[in-house]
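Remarks on the overall topology
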Amino acid sequence: MSELRTDRLVLRGWRESDLAPWAAMNADSEVREYFPGTLTREQSEASVARFQADLGRRGWGWWAVEVKATGAFIGFTGLDPVDEDMPFTGVEVGWRLARPHWGHGYATEAALAALDHGFGSLALTEILAITTATNLRSQAVMRRIGMTRDPADDFDDMTVPVGPLRRSVVYRLRGDDHRQAVRG
(Lines give C-alpha, C1' and ligand atoms only; values in the text may rest on other atoms or scores of the structure.)
Protein backbone atom coordinates (compact mmCIF):
# COMPACT_ATOMS: atom_id res chain seq x y z
CA MET A 1 0.00 0.00 0.00
CA SER A 2 1.29 3.42 -0.89
CA GLU A 3 1.68 6.25 1.59
CA LEU A 4 1.74 9.82 0.30
CA ARG A 5 3.50 12.76 1.96
CA THR A 6 3.23 16.49 1.45
CA ASP A 7 4.95 19.33 3.27
CA ARG A 8 2.38 19.17 6.10
CA LEU A 9 0.41 15.95 5.68
CA VAL A 10 0.66 12.17 5.54
CA LEU A 11 -1.93 10.19 3.56
CA ARG A 12 -1.73 6.67 4.98
CA GLY A 13 -3.55 3.50 5.83
CA TRP A 14 -6.17 3.48 8.56
CA ARG A 15 -5.37 2.74 12.21
CA GLU A 16 -7.53 1.62 15.10
CA SER A 17 -6.91 5.05 16.67
CA ASP A 18 -8.61 6.70 13.67
CA LEU A 19 -11.99 5.09 14.37
CA ALA A 20 -13.20 7.39 17.17
CA PRO A 21 -12.33 10.69 15.44
CA TRP A 22 -13.67 9.33 12.12
CA ALA A 23 -16.95 8.37 13.76
CA ALA A 24 -17.15 11.78 15.45
CA MET A 25 -16.61 13.49 12.06
CA ASN A 26 -19.36 11.43 10.47
CA ALA A 27 -21.75 12.21 13.34
CA ASP A 28 -21.17 15.96 12.83
CA SER A 29 -24.10 17.45 10.88
CA GLU A 30 -21.90 20.28 9.55
CA VAL A 31 -19.29 17.86 8.18
CA ARG A 32 -22.14 15.82 6.63
CA GLU A 33 -24.13 18.88 5.45
CA TYR A 34 -23.98 17.80 1.79
CA PHE A 35 -24.82 14.14 2.45
CA PRO A 36 -28.26 12.70 3.13
CA GLY A 37 -27.45 12.29 6.83
CA THR A 38 -24.91 11.54 9.52
CA LEU A 39 -23.45 8.08 10.12
CA THR A 40 -23.58 5.87 13.19
CA ARG A 41 -20.36 4.61 14.74
CA GLU A 42 -21.05 1.20 13.19
CA GLN A 43 -21.46 2.72 9.71
CA SER A 44 -18.24 4.70 10.16
CA GLU A 45 -16.34 1.59 11.27
CA ALA A 46 -17.71 -0.36 8.28
CA SER A 47 -16.52 2.38 5.92
CA VAL A 48 -13.00 2.22 7.40
CA ALA A 49 -12.95 -1.55 6.90
CA ARG A 50 -13.89 -1.05 3.21
CA PHE A 51 -11.33 1.73 2.77
CA GLN A 52 -8.53 -0.33 4.32
CA ALA A 53 -9.47 -3.40 2.25
CA ASP A 54 -9.33 -1.31 -0.95
CA LEU A 55 -5.95 0.14 0.02
CA GLY A 56 -4.64 -3.34 0.73
CA ARG A 57 -5.99 -4.79 -2.51
CA ARG A 58 -5.18 -1.94 -4.93
CA GLY A 59 -2.53 0.03 -3.09
CA TRP A 60 -4.63 3.20 -3.42
CA GLY A 61 -8.04 4.45 -2.38
CA TRP A 62 -9.32 6.56 0.50
CA TRP A 63 -6.33 7.31 2.74
CA ALA A 64 -6.51 8.55 6.31
CA VAL A 65 -4.96 12.02 6.56
CA GLU A 66 -2.83 13.16 9.46
CA VAL A 67 -0.94 16.35 10.17
CA LYS A 68 2.76 15.50 9.94
CA ALA A 69 3.87 17.81 12.76
CA THR A 70 1.40 16.48 15.34
CA GLY A 71 0.30 13.06 14.09
CA ALA A 72 -3.33 14.21 14.47
CA PHE A 73 -5.90 12.41 12.32
CA ILE A 74 -7.92 15.06 10.45
CA GLY A 75 -9.99 13.18 7.87
CA PHE A 76 -9.60 11.38 4.57
CA THR A 77 -8.57 12.05 0.99
CA GLY A 78 -8.04 9.80 -1.94
CA LEU A 79 -9.00 8.23 -5.20
CA ASP A 80 -11.74 5.71 -5.86
CA PRO A 81 -13.52 4.30 -8.89
CA VAL A 82 -16.84 6.04 -9.47
CA ASP A 83 -19.82 4.12 -8.09
CA GLU A 84 -21.54 1.86 -10.61
CA ASP A 85 -24.85 3.72 -10.29
CA MET A 86 -23.35 6.97 -11.64
CA PRO A 87 -24.09 8.04 -15.23
CA PHE A 88 -20.36 7.93 -16.11
CA THR A 89 -17.24 5.96 -15.29
CA GLY A 90 -13.80 6.94 -14.09
CA VAL A 91 -11.79 7.55 -10.95
CA GLU A 92 -12.73 10.34 -8.58
CA VAL A 93 -10.73 12.34 -6.10
CA GLY A 94 -12.39 13.28 -2.84
CA TRP A 95 -11.83 14.54 0.69
CA ARG A 96 -13.58 15.08 4.00
CA LEU A 97 -12.01 16.81 6.98
CA ALA A 98 -13.07 17.42 10.57
CA ARG A 99 -14.34 20.98 11.09
CA PRO A 100 -11.38 22.23 13.18
CA HIS A 101 -9.17 21.55 10.15
CA TRP A 102 -11.21 23.51 7.60
CA GLY A 103 -9.70 26.67 6.17
CA HIS A 104 -6.04 25.64 6.48
CA GLY A 105 -5.52 24.47 2.90
CA TYR A 106 -5.34 20.81 3.95
CA ALA A 107 -8.03 19.60 1.52
CA THR A 108 -6.27 21.26 -1.40
CA GLU A 109 -2.83 19.98 -0.34
CA ALA A 110 -4.05 16.41 0.17
CA ALA A 111 -6.09 16.40 -3.05
CA LEU A 112 -3.07 17.57 -5.04
CA ALA A 113 -1.03 14.69 -3.59
CA ALA A 114 -3.76 12.25 -4.62
CA LEU A 115 -3.83 13.75 -8.13
CA ASP A 116 -0.05 13.48 -8.42
CA HIS A 117 -0.29 9.82 -7.45
CA GLY A 118 -3.19 9.17 -9.81
CA PHE A 119 -1.59 10.77 -12.83
CA GLY A 120 1.96 9.70 -11.99
CA SER A 121 2.05 6.27 -10.37
CA LEU A 122 -1.33 5.06 -11.65
CA ALA A 123 -1.01 6.66 -15.13
CA LEU A 124 -4.67 7.72 -15.13
CA THR A 125 -5.64 9.91 -18.08
CA GLU A 126 -8.43 11.75 -16.25
CA ILE A 127 -9.65 12.20 -12.68
CA LEU A 128 -12.99 13.66 -11.71
CA ALA A 129 -14.66 15.02 -8.62
CA ILE A 130 -18.34 14.97 -7.74
CA THR A 131 -20.31 17.03 -5.23
CA THR A 132 -23.73 18.54 -4.76
CA ALA A 133 -24.51 21.70 -6.70
CA THR A 134 -24.83 23.52 -3.36
CA ASN A 135 -21.43 22.50 -1.93
CA LEU A 136 -19.53 25.63 -2.88
CA ARG A 137 -16.57 24.95 -0.53
CA SER A 138 -15.74 21.65 -2.25
CA GLN A 139 -16.23 23.22 -5.66
CA ALA A 140 -13.70 25.91 -4.68
CA VAL A 141 -11.17 23.17 -3.81
CA MET A 142 -11.88 21.51 -7.17
CA ARG A 143 -11.07 24.75 -8.98
CA ARG A 144 -7.93 25.32 -6.85
CA ILE A 145 -6.57 21.90 -7.84
CA GLY A 146 -7.05 22.72 -11.52
CA MET A 147 -10.33 20.98 -12.26
CA THR A 148 -13.00 22.43 -14.53
CA ARG A 149 -16.74 21.92 -14.72
CA ASP A 150 -18.87 21.44 -17.81
CA PRO A 151 -22.53 22.03 -16.81
CA ALA A 152 -23.50 19.44 -19.44
CA ASP A 153 -22.06 16.81 -17.06
CA ASP A 154 -24.33 17.86 -14.15
CA PHE A 155 -26.81 15.16 -13.12
CA ASP A 156 -29.40 14.16 -10.55
CA ASP A 157 -27.98 11.55 -8.19
CA MET A 158 -30.84 9.09 -7.94
CA THR A 159 -29.29 7.48 -4.83
CA VAL A 160 -30.05 10.71 -2.93
CA PRO A 161 -33.58 11.55 -1.74
CA VAL A 162 -35.47 14.23 -3.66
CA GLY A 163 -34.35 17.62 -2.40
CA PRO A 164 -31.50 20.14 -2.61
CA LEU A 165 -28.76 17.48 -2.36
CA ARG A 166 -29.85 15.48 -5.41
CA ARG A 167 -28.41 17.81 -8.09
CA SER A 168 -24.72 17.01 -8.54
CA VAL A 169 -21.88 18.61 -10.44
CA VAL A 170 -18.83 16.97 -11.99
CA TYR A 171 -15.39 18.54 -12.26
CA ARG A 172 -12.69 16.96 -14.42
CA LEU A 173 -8.94 17.17 -14.85
CA ARG A 174 -6.92 15.51 -17.58
CA GLY A 175 -3.47 14.21 -16.79
CA ASP A 176 -1.86 16.33 -19.51
CA ASP A 177 -3.40 19.50 -18.03
CA HIS A 178 -2.25 18.54 -14.52
CA ARG A 179 1.30 17.87 -15.69
CA GLN A 180 1.38 21.24 -17.52
CA ALA A 181 0.15 23.08 -14.42
CA VAL A 182 2.75 21.35 -12.21
CA ARG A 183 5.55 22.28 -14.64
CA GLY A 184 4.24 25.79 -15.22
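Up top is the structure.
None of these values were measured; they are calculated from a predicted model.

Turning our eyes to something else, we now look at the overall build of the protein chain. Scanning the protein chain from terminus to terminus reveals 5 helices and 9 strands. Listing the helices and strands of the protein chain from first to last along the sequence gives β-β-α-α-β-β-β-α-β-α-β-β-β-α. Relative to the globule expectation of 16 Å for 184 residues, the C-alpha radius of gyration of the protein chain, 16 Å, shows essentially globular dimensions. Along the first, second and third principal axes, the C-alpha atoms of the protein chain reach 40 × 40 × 30 Å. Taking contacts inside the protein chain between residues at least 6 apart in sequence as the whole, the part at least 24 apart equals 61%.

Its boundaries defined by the atoms lining it, the largest pocket holds a volume of some 1,500 Å³. Of all the elements in the fold, those that place two or more residues in the lining of the largest pocket are helix 2 (41–58), strand 4 (73–81), strand 5 (91–97), helix 3 (106–119), strand 6 (126–132) and helix 4 (136–144). For the lining of the largest pocket, a count of residues per class yields 23 nonpolar, 14 polar and 12 charged.

The final tally for this structure, using the stated rule, is 8 aromatic pairs. Taken together, a centroid distance of 5.6 Å and an interplanar angle of 55 degrees make the contact between W14 and F73 tilted. In this pair, W14 is assigned in the loop between strand 2 (9–12) and helix 1 (19–26) and F73 in strand 4, connecting sequence segments 59 residues apart. With respect to burial, W14 and F73 carry one shared label: buried. Taken together, a centroid distance of 5.0 Å and an interplanar angle of 45 degrees make the contact between W62 and F76 tilted. Residue W62 is found in strand 3 (residues 62–67), and its partner F76 is found in strand 4; the two are separated by 14 residues along the sequence. A relative accessible area of 10% places W62 in the buried class.

Criteria and thresholds
Residues numbered from 1 in each chain as written. Predicted model: local features only at pLDDT ≥ 70, side-chain atom pairs only at ≥ 80, totals over all residues. Heavy atoms only, no water. Helix = DSSP H or I, 4+ residues; strand = E, 2+ residues; numbered from the N terminus. Rg over C-alpha atoms; globule rule 2.2 N^0.38 Å. Contact = heavy atoms within 4.5 Å. 1 Å grid on protein atoms, 1.4 Å probe; cavity = no way out; pocket = protein on both sides within 12 Å on 5 of 7 lines; lining within 4 Å. Points joined across faces, edges and corners; volume = space filled by probe spheres on them. Nonpolar A, V, L, I, M, F, W, Y, C, P; charged D, E, K, R; others polar. Phe/Tyr/Trp six-rings, centres within 6.5 Å; stacked < 30°, edge-to-face > 60°. Buried < 20%, exposed > 50% of the residue type's maximum accessible area, 1.4 Å probe, protein only.

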